[in-house]
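Understanding the architecture of this molecule
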Amino acid sequence: MRSIFSGISLFKKSHDGGKDSGVTGYWLIEWKGLFSIALLRFSEGSREAYHSHAFNAVTWWLSGEVTEQFKDNTLPSKKWKPSFKPKFTPRNCFHRVIAKRTTLALTLRGPWDDTWKEHKAGETYTLRKGRIRVPDVA
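Scope of this entry: the structure provided in the associated data block. (Residues numbered from 1 in each chain as written. Predicted model: local features only at pLDDT ≥ 70, side-chain atom pairs only at ≥ 80, totals over all residues. Heavy atoms only, no water.)

On to the overall build of the protein chain. Each helix and strand counted, the protein chain has zero helices and 13 strands in total. In the protein chain, the succession of helices and strands from N to C terminus is β-β-β-β-β-β-β-β-β-β-β-β-β. Relative to the compact-globule value of 14 Å for 138 residues, the protein chain shows a C-alpha radius of gyration of 15 Å, a close match. Projected onto the principal axes, the alpha-carbon positions of the protein chain cover approximately 45 × 40 × 25 Å. Within the protein chain, the proportion of its 138 residues that are buried is 37%. Long-range contacts, defined as pairs at least 24 residues apart, comprise 60% of the intrachain contacts of the protein chain with a sequence gap of at least 6. (Helix = DSSP H or I, 4+ residues; strand = E, 2+ residues; numbered from the N terminus. Rg over C-alpha atoms; globule rule 2.2 N^0.38 Å. Buried < 20%, exposed > 50% of the residue type's maximum accessible area, 1.4 Å probe, protein only. Contact = heavy atoms within 4.5 Å.)

Its identity as a non-glycine residue notwithstanding, Ala 121 has a phi of 55 degrees, on the positive side. Tracing the sequence through the fold places Ala 121 in the loop between strand S11 (115-120) and strand S12 (123-128). According to the relative accessible area criterion, Ala 121 is exposed, its value standing at 69%. The phi dihedral of Arg 131 falls on the positive side, at around 55 degrees, and the residue is not glycine. Using a relative accessible area of 30% as the deciding quantity, one classes Arg 131 as partly exposed.

Given below as structure tokens:
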């Protein structure tokens, strides 16, 4: 029998978005089955990939400035700066974030779905835990 507390990480530092990401996560807690809380540090620039998420997220921008771009220009780009008003990112939001300069954010994330999508070099594909590519079913 598996404990309800299995899969919890406390006080860890890691890339957020894979090794090619310029975002470092400082995790207070990561419990993918329920929620996660992290301080995110966005380095200037962006990674090439557009992506969705395995989770819904609420984010407060603490310092710096970013521009959020949406795949295929489905929505106009949006600039985000420090504010008391949080940004809500639904798991199906297909976007990328470009930091104008080093930017800090506090994020609260909900439970993870099994998969999410990424688009890079003209190809869209599905990922699962561990950023492992999943074959798409036609």
